[in-house]
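Structure assessment
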Amino acid sequence: AQNAENALPQEYTIKGGSPVSPDDNWTVQYQLYLATDSPPDQYKLAYVEMKLKHTFNELRAERIQKKKLDKQLALIEAKLQEKFFKVHVVQANFEQLFREGAYNQFTFTALWSVVLNHFDIPHQIIQESGNLFLMAGKLPQQQEVRFPKVRRKELPPEQYLHDYAF
């Protein structure tokens, strides 16, 4: 009986949420990305998951998994630009990316990594001289995914962005 008390549970519960299997890696990943000042609540997490699932379904409908790496990356780039990367904000966080379309090099790289993971596209995140970029694919077809030099728009500092309505 004492061993059972010290054993890790088969499931754990997100604060205020429902049980999550330890195999559900993407929920844990989103929680880490969304953890800024306080743990994300179940509604924020559900909203992010809904937006991502919708994006994954749209990419799947375009038969992304049957395409070569260069076409896969082009499809992902177009979809992420259309749905998420709206305004460049230096201090943006992962939640703002989904609510406002506010992004920076960290949220840009994190979202790309989530999408590449989902479609089992091997990649590495590389830091070079204070910049982040991804190397996607396997050698010799590896390709770089870099934060865009031309940004879509600039917003005022983060304190001027409106609060989110949950």
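Everything below is about the structure printed above this text.
Residues numbered from 1 in each chain as written. Predicted model: local features only at pLDDT ≥ 70, side-chain atom pairs only at ≥ 80, totals over all residues. Heavy atoms only, no water.

Attention now goes to the nonpolar core. Core analysis: the largest hydrophobic core is formed by 29 residues, its most contacted members being Ile76, Phe85, Leu111 and Trp112. When contributions to this core are tallied by element, the ones reaching two or more residues are helix H3 (42-61), helix H4 (69-83), helix H5 (94-99), helix H6 (105-118) and strand E6 (131-136). A per-element tally of this core places H6 first, with 7 residues. When residues no more than four places from it in sequence are discounted, the contact partners of Trp112 are Leu73, Ile76, Glu77, Leu80, Phe85, Leu134 and Val145. (Core = buried A, V, L, I, M, F, W, Y, C linked by side-chain atoms within 4.5 Å. Buried < 20%, exposed > 50% of the residue type's maximum accessible area, 1.4 Å probe, protein only. Helix = DSSP H or I, 4+ residues; strand = E, 2+ residues; numbered from the N terminus. Contact = heavy atoms within 4.5 Å.)

Below, the discussion takes up H3. Between its first and last C-alpha atoms H3 spans 28 Å; for 20 residues at 1.5 Å apiece the expected length is 28 Å, and the two agree. Turning to H3, its buried residues are Lys44, Leu45, Val48, Glu49, Lys51, Leu52, Thr55, Phe56 and Leu59. The buried residues of H3 occupy an angular sector of 160° when projected down its axis, which confines them to one face. Away from the buried face of H3 by more than 90 degrees, exposed residues Tyr43 and Ala61 are located. Following H3 by one or two positions, Arg63 has its phi on the positive side, about 60°. (Expected span 1.5 Å × (residues − 1). Arc of directions from axis to C-beta.)

Moving on, we come to the pairing of strand E5 (residues 123-128). When E5 meets E6, the two strands line up antiparallel, connected through 6 bridges. Across the sheet, residue Ile126 finds its bridge partner in E6, namely Phe133. The turn linking E5 back onto E6 is made up of 2 residues, and Ser129 within it adopts a positive phi angle of 50°. (Pairing = 2+ DSSP bridges.)

Keep in mind these numbers describe shape, not what the thing actually does.
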